Amino acid sequence: MIVDGIRKMKILFTGGSSFTGSWFIKALSAAGHEVVAVFTGSGPEDYPPDTTRGQRVGQLLDCCRPRFGHCFGDESFLKLIREQGDLSLLCHHAADVTNYKSPDFDVHGAVARNTLNLPWVLEALGEVGCRRIVLTGSVFEGHEGRGHEGIHFSPYGLSKSITAEIFAYYCSRSGQRLGKFVIPNPFGPYEELRFTRHLVGSWFTGTVPTVGSPDYIRDNIHVSLLALAYGRFVETLPDEGGFSRINPSGYAESQGAFARRFAAEMDRRLDCDCRVELAKQSDFSEPLERVNIDQLDPEDYGWSQSTAWDELADYYLAQ
C-alpha cells in the first residue's frame, strides 16, 4: 500500500530493546509501517520497568507487534518468518555486544550469533516475498567512515565488519537487496550510561566533569535525527538485488568541542551549573579520528535541533 508517495510496509525488526533500536521502531511506526519486533526475552517481565532497557521496551509495546523468546536464526525465528505472511523487509539491528569495549571481545562467537543460519533465514524470507534486508553497521568497522585507514577500531568493530561481509555474500547469492545503515555515536533520551549521561550525572551532583580524551575526533548525533534517517533509508531501499549504504553524520568534531557544545545547550535548559574541564590528552591508543561521511540536512527530515535539545533536557529533568 502506498500513502503520500510512501509504501507502507510490514517490517520484521530485531534488536528493538537497544537504545537506537527502540528509536528506530518508534520512527518506523510513526511513519505508518507495521513493525513486528523480535525480543530475546521470554516476555515483558524480563525487562523490568525500573531499568532503562525496560523503559524502552515498555514504550514499544503499543507501537509495534512484539514477539518474545526469539533469537536471530534459531528455529523459532525461522518459524516466525513463515507465520508472518507477506513481509516487506527485515531490519537486522540486533548484534552481540557483550563486553563490546573489551579487547577480549569474542569476535568468533559474536559473528556466529549475528549470522546464525543466515542462508535459511534468507530462504524463509524469500518464501514470504521479502527481498530487502537492512543491516546495522558501525563507524568503528574498518573501511567505514573517515579515519579508519583500513583498520578496525576494536574486536567489536571487526565482528560487525565480518558480519556485514557474510550478509553481503549471501544476499548477493540469493538476489536479495542488502542495505547497510552505519551508525556513529548516538546520544539522547533512554541511552545507557555513556558520555553525555556521565556529563549530566556529574552536573546534577554539583561536580564539574573532566573530559579525558578531548582531542579524539568523533561523530556524535542526536538519536531522533538518526532515527528519521533510518526510516528514510528503509523506505527508499530498492527492491532489486544489490547493495546500498548510508553513513549518516552529526557533530563530527573533537570530543572536547562536542562536550562544550553539549554543556552550552544543557546550561540553558537544566537548573544547574553545566561546566566541563578538558584534560590535556596524553593517551592516543585509539584512532585519532573516526567519523561518518554523509552529513544529514535537518530541514530535509523536518527535524528541529532546538526541539531535540529541549526534549533531551526534559528527559533528564524527569529522571
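This one's a predicted model, so the numbers in the text were calculated from it and none came from an experiment. All residue numbers here refer to positions counted from 1 along the written sequence of the relevant chain. Residue-level local features of this predicted model are given only where pLDDT is at least 70; pairs of side-chain atoms are given and counted only at 80 or more, and the full residue set underlies all totals for whole chains, interfaces and linings. The side-chain numbers reported here are obtained from all heavy atoms of the structure, hydrogens and water having been left aside.

In this section: the overall build of the chain. What the chain contains, in helices and strands, is 10 helices and 17 strands. For a compact globule the rule gives 2.2 Å times the number of residues to the power 0.38, and the radius of gyration it is set against comes from C-alpha atoms. A compact globule built from 319 residues would reach a C-alpha radius of gyration of about 20 Å, and the chain, at 20 Å, matches this within 12%. Overall, the C-alpha framework of the chain stretches about 55 × 40 × 40 Å when taken along its three principal axes. Residues classed as buried in the chain amount to 51% of the 319 residues present. Working rule for contacts: check all heavy atoms of both residues, and any pair within 4.5 Å makes them a contact. Nonlocal contacts in the chain, meaning residues at least 24 apart in sequence, comprise 82% of its contacts between residues at least 6 apart. The method behind every accessible area is Shrake-Rupley, applied with a 1.4 Å probe, and residues are considered shielded solely by the protein chains displayed. Of the roughly 14300 Å² that the chain leaves accessible, carbon and sulfur atoms contribute 51%. We count a stretch as a helix when DSSP gives it H or I for four or more residues in a row; a strand needs E for two or more, and each element gets its number in order from the N terminus. Under the scheme applied here, a residue whose accessible area is under 20% of the maximum for its type counts as buried, over 50% as exposed, and between as partly exposed, the area being computed with a 1.4 Å probe on protein chains only.

With respect to the helices and strands, Ser22 occurs in helix H1 (residues 19-30). A relative accessible area of 1% means that Ser22 is categorised as buried.

Okay, the pairing of strand E6 (residues 89-92) next. Along E6, one buried face is formed by Leu89 and Cys91 and the opposite face, lined by Leu90 and His92, is buried too. A pair of strands is treated as paired once DSSP finds two or more bridges between them. In this sheet, E6 lies alongside strand E3 (residues 10-14) in parallel orientation, the contact comprising 4 bridges. Counterpart to Ile11 in the pairing with E6 is Leu89. Where E6 meets strand E7 (residues 132-138), 3 bridges bridge the pair, whose relative direction is parallel. Along E7, the bridge assignment pairs His92 with Leu135.

Another point: helix H2 (residues 52-60). Where H2 is concerned, the buried positions are Thr52, Gly54, Arg56, Val57 and Leu60. Buried positions along H2 lie against H1, strand E4 (34-39) and helix H7 (195-204).

Across the interface, helix H5 (residues 118-127) lies against helix H6 (residues 155-174) with an axial gap of 10 Å and an inter-helix angle of 40°. Judged by the inter-axis angle, H5 sits oblique to H6. Where H5 crosses over H6, the handedness of that crossing is right-handed. Across the interface between the two elements, Leu118, Pro119 and Leu122 from H5 touch Ile166, Phe167, Tyr170, Cys171, Arg173 and Ser174 from H6. Grouping the constituent residues of the contact of H5 with H6 by class yields 7 nonpolar, 1 polar and 1 charged. Note on definitions: angles span 0 to 180 degrees between N-to-C directions of axes, and those axes are lines fitted to C-alpha atoms, for helices only across the stretch in contact. Here roughly perpendicular refers to angles of 65 to 115 degrees, roughly parallel to angles under 35, roughly antiparallel to angles over 145, and oblique to all remaining angles. Note on convention: near helix rotated counterclockwise from far helix by under a right angle means a left-handed crossing. Clockwise means right-handed. By the convention adopted, Pro, Cys, Tyr, Trp, Phe, Met, Ile, Leu, Val and Ala count as nonpolar, Lys, Arg, Asp and Glu as charged, and the other residues, Gly among them, as polar.

Bringing the packing of aromatic side chains into the picture now. Here a Phe, Tyr or Trp ring, Trp counted by its six-membered ring, pairs with any other such ring whose centre lies within 6.5 Å, and the pair is stacked when the planes are under 30 degrees apart, edge-to-face when over 60, and tilted otherwise. Scanning the entire structure with this criterion turns up 25 aromatic pairs. Ring centres 5.7 Å apart and planes at 90° place the aromatic pair Phe105 and Tyr156 in the edge-to-face group. Here Phe105 is found in the loop between E6 and helix H4 (107-114), whereas its partner Tyr156 is found in helix H6, with 51 residues between them in sequence. When its relative accessible area of 6% is taken as the criterion, Phe105 is described as buried. Overall, the relative accessible area of 13% leaves Tyr156 in the buried class. Taken together, the ring pairs in this structure connect Phe187, Phe195, Trp203, Tyr251, Phe258, Phe262 and Trp309 into an aromatic cluster. Cation over ring: Lys26 sits above Trp23, and NZ or CZ is 4.3 Å from the ring centre. Only Lys NZ and Arg CZ are tested; either one counts as a charge over a ring when it is within 6 Å of the ring centre and within 35 degrees of the ring normal.

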